[in-house]
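Structure assessment
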Amino acid sequence: MLKKSTAAFMMIAALLCGSLLTLGVTGYVNVFGQAAGEGVAAAPVPAAGGLQEKESQKLGTALSLIEGNYYEKVDREKLIDGAVNGMMEALGDPYSNYMGKETAQKFEESIEGSFSGIGAEVSSDNGKVVIVSPIKGSPAEKAGLQAKDIILSVNGETLEGMELNAAVAKIRGPKGSKATLKIQRAGAAEPLEFVLTRDDVKLETVYAKLGKDGVGVIEVTQFSMNTAERFKEELGKLEKQGMKGLVIDVRNDPGGVLPVVIEMAQQFVPSGKAIVQVEDKNKKREVSTSKGSSKDYPVVVLMNKGSASASEILAGALQQSAGAKLIGDNSFGKGTVQTSFDKQLGDGSLLKITIAKWLTPNGTWIHGKGIKPDIAVAQPDYFSVAPINKSVTLQYNMNSTDVKNAQIMLNGLGYKPGRKDGYFDTATKDAVKKFQSASKLQATGIINAKTAEALELALVKAIKDPVNDNQLNKGIAEIQKEIKASSSKK
């Protein structure tokens, strides 16, 4: 994230939901309350000049009355912070918020590329703390947290109605400590429980590989300050190895810094074509146009509901200005830009304020709607199955959501229970026995905590196997088809 001290109107994408976007949605859990797809900009201090005399008197009187009459001793600094928080909350904008000194410091650290926590970007939506995206390789991803999950409580303490920064502070904690999260997930009848061990989260944001067929895959997990440079390095390596086509994977990428995504898009968008438009409160639009050039090989972009802000800018730019196809699920839908003011308050705290909205090259505002893929591809149902409640033993003749989840897992692992409706019948029992035997467990046909854990570990392994990744495989197949079509024309 850029420091904001000049009067230049430099847009920076921000997160969240927080991810690290300064084109993001909101905030990395345990780091800050930033949002995927935010825009951070160096902007002039507002000309409106602060409080009027009556307003200043009202606030001063309120503070004086509290200090003079409240039945306990009050923390004056806490009251002032609360007043600022109240102003930000009154905007009704989940991407505009106040960060105290410690949270602001963590926010800056995360933009630089590392932090300690559970590794999820979060945002606030109508008083609820919502996961924008888990970070690749983080405790949150390993535990199975997903975009759009709502965090209800942490270690038994509810987050309902809590200001975002306060909620993030509850989720944060030292490396090695436990965080028990109650999660509300769409499609789950009851809240889910996840126990995570907090850890250091290293933000390597670019992962590249080249297949034997000449199709390159570059995964971008976040748009942080060094991502454009790393992307350029990895892309150059693939091109030198004879890459014939490219899949850019921004699934579960919550966003990042706007100049970074513009720099990356310029490597594919022909010179003079639009990458993104930014519209301010006066409806004035500034168009960022490419100074780069197009590629002579086909490109597709993979996205899903966790692709937010800067990810959506890249997807929209490459689709509309570079002819790339979008594959996967509808994206998150974060179409606003934030500016971060970290100097004006003078005490290390920070205000992140929505200052504009961004639009795709053709002028579409995707906020709240997301971008639809050109080719819609769903992942197998077991990719999003909820974990099993390990405090309950599942057995024959039971009927529950946990049984349904176990059946989905068994089916995904090839054990064919014959149904996925939650009724534990004889076929389900036989499937459990087969799994237990293969896993060197006692073949009882009963799902206890040990069997449930084994099921989930086996499922994680299956999810990480590229063979089972429908969206990635479709992206590669589409590139192969375009390579073949191009070769036949020659």
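Here, the structure is the one placed above.
Residues numbered from 1 in each chain as written. Predicted model: local features only at pLDDT ≥ 70, side-chain atom pairs only at ≥ 80, totals over all residues. Heavy atoms only, no water.

**Section: the packing of aromatic side chains**
Per the counting criterion, the structure on display carries four aromatic pairs. Here Phe231 and Phe268 contribute two aromatic rings whose centre-to-centre distance is 6.0 Å and whose plane-to-plane angle is 70 degrees, an arrangement assigned as edge-to-face. Within this pair, whereas Phe231 is found in helix 6 (residues 227-240), its partner Phe268 is found in the loop between helix 7 (258-265) and strand 17 (274-279), the two being separated by 37 residues in sequence. Residue class for Phe268 comes out buried when judged on its relative accessible area of 4%. Its end group placed over the ring of Phe332, Lys148 keeps NZ or CZ at 4.0 Å from the ring centre. A cation sits over an aromatic face here: Lys357 above Trp365, 4.4 Å from the ring centre. (Phe/Tyr/Trp six-rings, centres within 6.5 Å; stacked < 30°, edge-to-face > 60°. Helix = DSSP H or I, 4+ residues; strand = E, 2+ residues; numbered from the N terminus. Buried < 20%, exposed > 50% of the residue type's maximum accessible area, 1.4 Å probe, protein only. Lys NZ or Arg CZ within 6 Å of the ring centre and 35° of its normal.)

**Section: the nonpolar core**
With 41 residues, the main nonpolar core has Phe223, Phe231, Leu246, Ile248, Phe268 and Leu318 as its most contacted residues. Counting residues per element, the ones that place at least two in this core are strand 15 (215-220), helix 6, strand 16 (245-249), helix 7, strand 17, strand 19 (299-303), helix 8 (310-322) and strand 22 (350-359). Residues within four places of Leu246 in sequence aside, it is in contact with Gly216, Val217, Ile218, Leu235, Leu238, Phe268, Tyr297, Pro298, Val299, Val300 and Ile479. Ile118, Leu145, Val154 and Ala167 belong to the second largest nonpolar core, which has 22 residues in total. (Core = buried A, V, L, I, M, F, W, Y, C linked by side-chain atoms within 4.5 Å. Contact = heavy atoms within 4.5 Å.)

**Things to note about the environment of Ala462**
As for its placement among the helices and strands, Ala462 is situated in helix 11 (residues 449-464). Note on Ala462: relative accessible area 13%, which makes it buried. Each C-alpha atom of the pair Ala462 and Leu413 lies 7.3 Å from the other, and the pair is 49 residues apart in sequence. When sequence neighbours within four positions are dropped, the list of residues in contact with Ala462 reads Tyr382, Leu413 and Asn468.

**Quick look at unusual backbone geometry**
Notably, Asn397 is not glycine yet its phi reads approximately 80 degrees, a positive angle. Tracing the sequence through the fold places Asn397 in the loop between strand 23 (375-376) and helix 9 (401-412).

**Structural notes on helix 12 (residues 470-489)**
The first and last C-alpha atoms of helix 12 sit 29 Å apart over 20 residues, in line with the 28 Å expected at 1.5 Å per residue. Buried within helix 12 are the following residues: Gln471, Leu472, Gly475, Glu478, Ile479 and Ile483. Mapping the buried residues of helix 12 onto a view down its axis gives an arc of 135 degrees, with all of them on the same face. Projecting away from the buried face of helix 12 at angles above 90 degrees are the exposed residues Lys481, Lys484 and Ser488. (Expected span 1.5 Å × (residues − 1). Arc of directions from axis to C-beta.)

**Quick look at the pairing of strand 16**
For strand 16, a buried count of five out of five residues is recorded, marking the element as mostly surrounded by other parts of the structure. Pairing geometry for strand 15 and strand 16, over five bridges, is parallel. Directly across from Ile218, in strand 16, lies its bridge partner Ile248. Once you follow strand 15 into helix 6 and on to strand 16, the crossover reads as right-handed. Pairing analysis gives four bridges linking strand 16 to strand 19, with the strands arranged parallel. Each bridged residue has a counterpart across the sheet, and for Asp249 the counterpart in strand 19 is Leu302. (Pairing = 2+ DSSP bridges. Right-handed = clockwise from strand over helix to strand, strands pointing away.)

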